[in-house]
Structures are given as C-alpha cells and as structure tokens.
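Descriptive analysis of the structure
Each chain, written out:
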Amino acid sequence: MATGSGIDSIMKEGRKFPPPADFARQAHISTEARYRELYDRSIKDPDGFWLAMARENHHWFKAPTRGLEWKSPDLRCFADGTTNLSFNCLDRQIELGRGDHTAILFEGEPGDVRKISYRELRDEVCRLANVLKKLGVKKGDRITLYMPMIPELAIAMLACARIGAPHSVIFGGFTSQAIADRLQDAGSHVVITADGGWRRGKIVPLKENVDAAADLTGMVKTVIVYERITQSRDRKGAGGTSGAPSAEAAQFKINMKSGRDHWWHDLMKDASTNCPAEPLDAEHMLYLLYTSGSTGKPKGILHTTGGYMVYTALSAKYVFDLKPDDVFWCTADIGWVTGHSYVVYGILQNGVTSVMYEGAPNQPDWDRFWAMIEKHKVTKFYTAPTAIRAFMRQGREFVDKHDLSSLKLLGTVGEPINPEAWIWYHTVVGKERCPIVDTWWQTETGGILLTPLPGVTSTKPGSATRPFFGIDPAIMSKEGKVAAPNEGGFLVIRKPWPAMLRGIWGDPERYQRQYWDEIPGVYFTGDSSRCDEDGYFWIMGRVDDVIKVAGHRLGTAEVESALVSHPKVAEAAVVGFPDELTGEAIAAFVALRSGNQPSEALETELKHHVAAVIGAIARPKALRFTDALPKTRSGKIMRRLLKELATKGRVDGDLTTLEDFSVIAKLRDEA
Ligand code: WT7
C-alpha cells in the first residue's frame, strides 16, 4: 500500500494528462474509437477475438479452433492447438527476418556489455536444451533456475520451454531455506545456477546457497553452474566479459560436488545448436513461479503455454506500443513475474531488443540507470514506484547529467504510485514528452490487466486507468454487490482471460479457496480499489496478509515463521506499515522464550536472522519486544491493532512501551 500521505493525495488527485500528440500520431492504437471497438469485441466475443489474435501473431504446429473453456475454477485456452513459446520467441523472429537483430542487450554490474542477436540466442538455447535432454530431463520435469540477471537466465528459461520442461525461477535475493522450500514443493531435481552474481560491488554467493538448500532437502540430483565470477578472473574476455576482476573475485571459490555439479561451459562445449522445438499442447505447463500468500507456505503459481503466450505478446505490443527498433528496458528481476512476461516472453515475441541489467541502481552511483539509457539509447523504460521514489530522493542532478532524448514511453508496476512520484517521473525523466503507463497486474494474472494505452488514454497520476482487452474488472462488496462510482471495495475480475493462472501447484483446494470462494463467481484479486466516474481504477492496496516491500510481495506468516525458527523466540507477529521509500515496511513484534532478555544486540540479531533465512528483502525495519501478543479469545493475533501501533508508533515517536503494550493486549483480550 502507498504511504499514508500518498493515499491522501491519490484521493484528491484530479489532474489529467492526454497522450502527447506526437506519440498518439504514431501509436498502434491511436483513437478512443479503435480502443472501444477492440475492447467491445474482446468482451462480447472473447473466443473470436482471442482465436484471431492467436492465429495472426503466432506460430502453431496445430492451429487452435477452441477459445476459452471455463468450468469454474478450471480454465483451458486454445486447448486443441499445439505450439512452442521458445519457437515463437526465437525461430519465428528469425523467419520474420529479425535473426541479426539484437534480442538481448546485457550490461553487467561491473560494466561488461553483451549484445546477443536472435540467431545467436536460438543457438545458445538449442545447445542448452540438448544439454538438458542429455542429462535426462524429460518433458514435464520441473527445472529450478537460481541465477543472476544475466542472459543465461533467459537462455535457460527458453531452453526449458523448448523441450516442455517447466521452469521455476527463484529470485537471486532469496537464500537457502527459501530455495529449499521451493525445490521441495516443486519436486525439482535439477538446478541451474551460477557461481555468483554481482550486486553493489559484492558477490552474491548463489552456488553456496544452492549447496545449502540441497543439504536441507536432499532433492537435488544435478546442478549446472554458469561461471559468472570466476570467468572474469580465469578466462578474461571469454563470453564478452570485460569487467575487471576485483580483489573479491580473485579470492572467490566455490565447491563442485563430483557427480552432481557440472560447469555450464563444459556441458555446452560439444552440444549441437540444432534442437527442434517440441510441439506442446497449449495447456502444457510453462512455468511455476512461487509467490507469497496469507499462509507461511509460498504458493507455486502455475502458468501454461498458449494463452500466456498470446496474452503477453499482445499486451506488450499495445501497452508499450512496441515497434521494430525499440530498445525496451524492464528493470524488474526475472525472479518476479514482471521479468518473466516483460523481460523475456512478451518482449522477445515482438522481435525487439530487451535490455537486461545485472546489478543495483546505485552502483557505482545513482545515475546508473540514466547512464545506461543514454548509452544504449533505450526507448521504453518500465520500472517500479519504489525505484522512482529512491531516485527522487537523490535529486534530479543525477538524471540531468544524461541525454535521455531516446526515451519515448515510461511505465510503472508493482504498487500504487503516489502522484508526487508520478509527476517527477513525468517531468524529470520523461521531460513531459513521454506517456506513462501505470500497469496493474499480479503473478497470478500472467500479464497486465489494467493499464492506459499510451496513444489513447488520458492518464491520471496514481490510477492504473482502464482494462486491457478481454478484461472485465469490477469493484464489489464482500456480498458480491457492484460498488457505486468512487465507492471502495474489492477489485475482482468477472471473466477468465488467457494468461490467468491455472492453479496452485499441488494444492487445488487452496486455489479454489483463495481466488474463487471469497466472492463466488468472480476472480478475487486480494486488492482494494475504487473506480471513478470515468471508469478509471485506483488501487488502494492489499486486503490480505500480503505486504509489499519495495514492490516485492511477502507474506506476514513467512516472516513470522522465520522469526520463530530462532531459538530465543517464543512467538512473533508481523505487519506492514507505511514507508515513504518502500511503500510498506515490515514491523515485527516478538515475544521471547523465558530466560531471554530484550536487547539492542538481540534486535539486530533477529533482523539479521530473518534476512539470512528468507533474504534481505524480508528484513524487518522495526522490531519490538513484547511480553505477549494481543490475541482474540480464539487465539487469533489482532493484526489490525498491531498495524495501528506500528503506524502510529512511527508518527508519534516510540512512545509505546513494552508494559503499555501488553496492557493494551490484555485489555483488548478481556473486552
Ligand atoms: C500486487 C501483485 C505484476 C507485477 C508485479 C507485482 C500490487 C501491482 C500495481 C499497480 C497498484 C499494484 C497489487 C497486486 N500492484 N501493480 N500498478 N498499482 N498496485 O506482482 O508480486 O504478484 O503483486 O501488486 O497489490 O495485487 P505481485
């Protein structure tokens, strides 16, 4: 949820920004009438609309004749068609004459740059696909990818998609327990990783984390290790690496377990670049992506091939108005759905250049992104509100140092954007020339559902505006009553769409409960929202136990179970509270086991413990010790009270003492 002041100003926001005339003139969709026509058709005749899109823009081994088949809660889309998404991202682009065009433009944190053409990308993908087959990987096997933001991550995804082995990408910022949980849940025996990656000038010990995760589960039979760090030391220049080997890299070592671990470059040496794409059923599982929900166990969101393929390609084309010469940069890590859909699949299917950057936005300084936009002549830039707020705080000098005249469009995603940040993005980065697309969607939705179309929609700062083709959103009460204009309620989607999740891996009951039982008959997003008199949607934030820290999704229960895994902790409760920079931050309330005393040292230790168990993004910003947690008679933690406390505590200064707190807890309990 946005900061308190952000929400206040969203409520008051009344400005409207029509699409810049120059942009509208050249856009794929440039009139309201055209948007209406396509939108109305997509709602009135979804099968006709989606089948036409599928046939016109994609290669099918067998063309589909069936559209969306919905038997709640199960969706099938293009069910009688066979295709291959890797083929559509690569071979089809080469057939269309894009073979020598740059598919991936990569910049490593140390400054190394690689440009990989569509043809080169296909060759690498085919080689890795052959390697996987040789290692015994079969269609349907889940492959875990835990890598830095380097081209080899995209290569690995496309190799998996080529042979029909679903991938499960784990964000490189997660640590061993999080990896182990996901490996276990997915039943995955093969891991592709790297020795390490660069982040803020330091090495992220990816392989070491995989080793620890493998020890925790005993699941892992095969590990493929790409040499990212040691390459710059031992084989400088190979693979285009130019980053000077640092002192840290010179010291860096990993262990290779014989029989289990293989070097990527050893396996790839003799692999053939010929690997025909496997014709797959449209409903063949493409990937699992774990995300947080309201229980401690992350859920494996399941996406399939055909519908996801068509939806991500079409939304990328129209939302970002992609043209052949675009250099598109989505700054999201591929470990999140944004990276899946709009670094890799949706973007490559449009035959344009996708930029990948390995490291931190402030390495070596706060102008890194702007320097890259200038250097690579980036035309479309898609990032998160939390990043924009961080840049804003550093001051516009960092932006003004660079020539950003290549930019044509800006986008945001991940959390509500406060109007102040929107206006800053619009004026300082976009020089008032570039339309901004504020895109609302979720891991579950596969692609963008609410968004302006940049050549048509007048934007209002803080609103994700209107539905994309085929999307039928509404604001409802818990009882399923549609809200009046500007009345708050739950955001729901009334019709299935092609890129919708097909389930939660191994847990159909949770899938039914979480998305379809809350308000019968509609998809429940978990967000609260309102829709204004122009039909524009304004997202307020989550209504469940999901916290959005810097746009990253975390479950309170996950952080709580990390805390109670510490031997000194008896009980813990975690809530989100507003933070100016990260939107929300984590506050933890901790009751210690008897015999332990609260101390600053223990506070630091516990915060560190959470970061070590889950990853740095889960580190609580505030941690307060308490004798007891406030609970209802039935033993449910009173989160609303804790949230109030965490939020107010920040405003008033730390007035709430330990004793007061337990008194409140007791009082409430007895009330
Ligand atoms: C939640 C989904 C899908 C991209 C990355 C996040 C929030 C996402 C917006 C936006 C306001 C937004 C919602 C949503 N959210 N985009 N433009 N405006 N809120 O995916 O991690 O699955 O999180 O992010 O709360 O439910 P995710």
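Going by the structure above, here's the rest.
Residues numbered from 1 in each chain as written. Predicted model: local features only at pLDDT ≥ 70, side-chain atom pairs only at ≥ 80, totals over all residues. Heavy atoms only, no water.

1. Topic: the sheet that holds strand 26 (residues 537-542)
The 4 strands lie next to each other as 22-23-25-26, forming an open sheet whose pairing is antiparallel. Among the strands making up the open sheet, the edge pair consists of strand 22 (473-476) and strand 26. In this sheet, adjacent strand axes meet at a mean angle of 45° when their direction is disregarded. When strand 23 (residues 489-493) meets strand 25 (residues 523-531), the two strands line up antiparallel, connected through 4 bridges. (Pairing = 2+ DSSP bridges. Helix = DSSP H or I, 4+ residues; strand = E, 2+ residues; numbered from the N terminus. Axes fitted to C-alpha atoms, helices over the stretch in contact; angles between N-to-C directions.)

2. A closer look at helix 15 (residues 337-348)
Across its 12 residues, helix 15 extends 15 Å between first and last C-alpha, which sits within 8% of the 16 Å expected from 1.5 Å per residue. Of all 12 residues in helix 15, 12 are buried, a share of seventy percent or more. Among all positions in helix 15, only Val 337, Thr 338, Gly 339, His 340, Ser 341, Tyr 342, Val 343, Val 344, Tyr 345, Gly 346, Ile 347 and Leu 348 are buried. (Expected span 1.5 Å × (residues − 1). Buried < 20%, exposed > 50% of the residue type's maximum accessible area, 1.4 Å probe, protein only.)

3. Topic: the side chain of Thr 556
With respect to the helices, strands and loops of the structure, Thr 556 is situated in helix 21 (residues 556-564). Those residues in contact with Thr 556, other than ones at most four positions away along the chain, are Asp 545, Ile 547, Val 574, Val 575 and Arg 639. (Contact = heavy atoms within 4.5 Å.)

4. A word on the pairing of strand 15 (residues 285-291)
Of all 7 residues in strand 15, 7 are buried, a share of seventy percent or more. Taken together, the 2 bridges between strand 8 (residues 167-169) and strand 15 define a ladder with parallel strand orientation. Residue pairing for strand 15: Ser 168 is matched across the bridge by Leu 288. In this sheet, strand 16 (residues 299-304) lies alongside strand 15 in antiparallel orientation, the contact comprising 6 bridges. Bridging across to strand 16, Tyr 290 finds its partner in Gly 300.

5. Here we look at the layout of surface pockets
Of the voids in this model, the second largest pocket is the one considered here, and its volume is about 1000 Å³. Forming the walls of the second largest pocket are 37 residues, and the residues nearest its centre are Val 543, Asp 544, Asp 545, Val 546 and Arg 639. At the level of secondary structure, the elements contributing two or more residues to the lining of the second largest pocket comprise helix 20 (508-516), strand 25, strand 26, strand 27 (546-549), strand 29 (569-579) and helix 23 (639-652). Broken down by element, the lining of the second largest pocket gets its largest block of residues, 5 residues, from helix 23. Along the lines of polarity and charge, the residues of the lining of the second largest pocket split into 12 nonpolar, 9 polar and 16 charged. (1 Å grid on protein atoms, 1.4 Å probe; cavity = no way out; pocket = protein on both sides within 12 Å on 5 of 7 lines; lining within 4 Å. Points joined across faces, edges and corners; volume = space filled by probe spheres on them. Nonpolar A, V, L, I, M, F, W, Y, C, P; charged D, E, K, R; others polar.)

6. Notes on the packing of helix 7 (residues 118-134) against helix 8 (residues 151-163)
Contact geometry for helix 7 and helix 8: axes closest at 8 Å, N-to-C directions at 60°. Our pair here, helix 7 against helix 8, has a crossing hand that is right-handed. Along the contact surface, helix 7 presents Leu 121, Arg 122, Glu 124, Val 125, Cys 126, Leu 128, Ala 129, Leu 132 and Lys 133, while helix 8 presents Ile 155, Ala 156, Leu 158, Ala 159, Cys 160, Arg 162 and Ile 163. Of the residues that constitute the contact of helix 7 with helix 8, the class distribution is 12 nonpolar, no polar and 4 charged. (Left-handed = near helix turned anticlockwise from the far one by under 90°.)

7. So, the state of the cysteines
Evaluated as defined, the whole model comprises 0 disulfides. Note on Cys 89: no disulfide assigned, nearest cysteine sulfur contributed by Cys 126 at a separation of 13 Å. Free of any disulfide, Cys 126 has its nearest neighbouring cysteine sulfur in Cys 275, separated by 5.3 Å. (Disulfide = S-S within 2.5 Å.)

8. Some remarks on the sheet that holds strand 13 (residues 261-263)
The 8 strands lie next to each other as 13-12-9-7-8-15-16-24, forming an open sheet whose pairing is mixed. With one partner strand each, in any of the chains shown, strand 13 and strand 24 (503-504) form the two edges of the open sheet. Bridge analysis of strand 9 (residues 190-194) against strand 12 (residues 222-226) gives 5 bridges, and the strand direction is parallel. What sits directly across from Ala 194, in strand 12, is Tyr 226. Lying over the sheet, helix 15 contacts strand 8 and strand 15, oriented at roughly 140° with respect to strand 15.

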